[in-house]
Amino acid sequence: MNAILLKFITNLGIRGKDQPVIRWSSVAKPAIGGLSLYVAFLLSTACYAIFFPANPLFHDTQALGVIGATALAFLMGLADDAYNTKPWLKFFIQVLCGFLLIGSGNYIHFFEQEFLNYGLTILWIIGIMNSINMLDNMDGITATVSIFILLICLSFLASHGAYETFDFIVILGVLSALIAFLFFNWHPSKMFMGDTGSQFLGMFIAAMAIKYIWNSTTLQGTTNSMQQITTVIMAFILPIIDTTSVVINRLARKQSPFIGGKDHTTHHLSYLGLSDGRVGFVFLGISVVSLIICVGIFRFIDTWRWYHSAVLLTYFFIVFGVLYSFTQMNKDKR
């Protein structure tokens, strides 16, 4: 599918010559990877309806909420790649996606008061959609990180034997599409996923993470706030670190954190002398560790103890400290 799109769509996401170039790559490439990701999601949805007719899809309100929210996110991203839409419109659509999920019963269970859970869910949706979009700043990075986050969700489903669910099937489909896309997006890339891909992917990952990371349980079916927070941080360690570092550094320079730039953790690793491919492998290695940690949480921890959080959060702050320190070097190049 990517090969076909690459032959027929050559200008989606490519701005005019009078507009500033903020991408890391100096070569203009079509941002069409998101189209294949969304088509794979739709095909997976159709396959679920065909292979499991005993489970009517249109009776599953949570599945319908995910389908509707991802459709909105995809259309908004497609419009942005084609027409460069206004930031307020993106924000409005992201909030609307959050309300769709909440209305379908797919929201974070963290506080005792439901309205606080609703607010946290909307903030989560907005944060992850923008974080995944910001992480799409170098070849292969967003696809790699997203693959391992979805593998974490898949491992939780597998540990509970939920192989015949809608979520398991569509995660498999999007995961496969991401791996295929990576062949075209690894350095030197032939295409980008664009906002079409990053907005859809951010929405999809945020929704799956609510169900299988935020609302995950230990082997005994118990949960507590520290277990929820720690598991989320471990699964989303790279998006959290990259977004936090960029926001801190831009606010320190009195710049808007919402305007693109070449000051991400990936860029600073490159300024240190690493090639784009090696930067990708650094992020791949950290993502593998996150997957191992989360699988360990799902499969081997019966009761969450304080030292689980202490050890894992120490690991997070070490990784954050190292990557953030790199952003303080070679400031003149960004």
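Remember, it's a predicted structure, so these values are computed and weren't measured experimentally.

### Examining the overall build of the protein
Then, in step 1: Assigned secondary structure in the protein consists of 13 helices and zero strands.
Then, in step 2: Counting from the amino terminus, helix and strand elements in the protein follow one another as α-α-α-α-α-α-α-α-α-α-α-α-α.
Then, in step 3: In terms of overall size, the protein behaves like a compact globule, its C-alpha atoms giving a radius of gyration of 19 Å where 334 residues would be expected to give roughly 20 Å.
Then, in step 4: Over its C-alpha atoms, taken along the principal directions, the protein stretches across nearly 55 × 45 × 35 Å.
Then, in step 5: The buried share of the protein, reckoned over its 334 residues, is 53%.
Then, in step 6: Sequence-distant contacts in the protein: of pairs separated by 6 or more residues, those separated by 24 or more amount to 76%.
Then, in step 7: Split by element, the accessible area of the protein, about 15000 Å² in all, is 68% carbon and sulfur.

### Examining the layout of surface pockets
Then, in step 1: In this model, the second largest pocket occupies a volume close to 280 Å³.
Then, in step 2: Those elements that place two or more of their residues in the lining of the second largest pocket are α5 (114–135) and α10 (237–252).
Then, in step 3: Here the element with the most residues in the lining of the second largest pocket is α5; it accounts for six residues.
Then, in step 4: Counted by class, the lining of the second largest pocket contains eight nonpolar, five polar and no charged residues.

### Quick notes on the packing of aromatic side chains
Then, in step 1: Applying the stated criterion across every chain, the model contains 21 aromatic pairs.
Then, in step 2: Centroid distance Tyr 48 to Phe 166: 5.8 Å. Interplanar angle 80°. Geometry classified as edge-to-face. With Tyr 48 in helix α2 (residues 33–51) and Phe 166 in helix α7 (residues 166–185), this pair connects stretches of sequence that are 118 residues apart. For the pair shown, Tyr 48 and Phe 166 are each scored as buried.
Then, in step 3: On the basis of an interplanar angle of 70° and a centroid distance of 5.2 Å, the ring pair of Phe 316 and Phe 317 is categorised as edge-to-face.
Then, in step 4: You can call Phe 317 exposed: its relative accessible area is 54%.
Then, in step 5: Each member of the aromatic cluster is reached from another via a ring pair, and the members are Tyr 38, Phe 41, Phe 74, Phe 200 and Phe 204.

### Let's talk about the confidence of the model for the protein
Then, in step 1: Mean pLDDT over the protein stands at 89; residues scoring 70 or higher make up 94%.
Then, in step 2: Averaged pLDDT values over the elements of the protein bottom out at 84 in helix α1 (residues 2–8) and peak at 96 in helix α13 (residues 306–327).
Then, in step 3: This model gives residues 17–21 a pLDDT under 50, and the stretch forms one contact once residues within four places in sequence are excluded.

### Let's talk about a nonpolar patch on the surface
Then, in step 1: A surface patch of nonpolar side chains, about 480 Å² in accessible area, is lined by Trp 88, Phe 92, Leu 96 and Phe 99.
Then, in step 2: Relative to the helices and strands, Phe 92 is located in helix α4 (residues 87–103).
Then, in step 3: Its relative accessible area of 49% is what places Phe 92 among the partly exposed residues.

Reading guide: rules and limits
- Residues numbered from 1 in each chain as written.
- Predicted model: local features only at pLDDT ≥ 70, side-chain atom pairs only at ≥ 80, totals over all residues.
- Heavy atoms only, no water.
- Helix = DSSP H or I, 4+ residues; strand = E, 2+ residues; numbered from the N terminus.
- Rg over C-alpha atoms; globule rule 2.2 N^0.38 Å.
- Buried < 20%, exposed > 50% of the residue type's maximum accessible area, 1.4 Å probe, protein only.
- Contact = heavy atoms within 4.5 Å.
- Areas by Shrake-Rupley, 256 points an atom, 1.4 Å probe, with all protein chains shown as cover.
- 1 Å grid on protein atoms, 1.4 Å probe; cavity = no way out; pocket = protein on both sides within 12 Å on 5 of 7 lines; lining within 4 Å.
- Points joined across faces, edges and corners; volume = space filled by probe spheres on them.
- Nonpolar A, V, L, I, M, F, W, Y, C, P; charged D, E, K, R; others polar.
- Phe/Tyr/Trp six-rings, centres within 6.5 Å; stacked < 30°, edge-to-face > 60°.
- pLDDT = per-residue confidence, 0-100.
- Patch = residues over 30% accessible without salt bridge, like charges linked within 9 Å, V, L, I, M, F, W, Y side chains within 5 Å.
- Salt bridge = Lys/Arg side-chain N within 4 Å of Asp/Glu carboxyl O.

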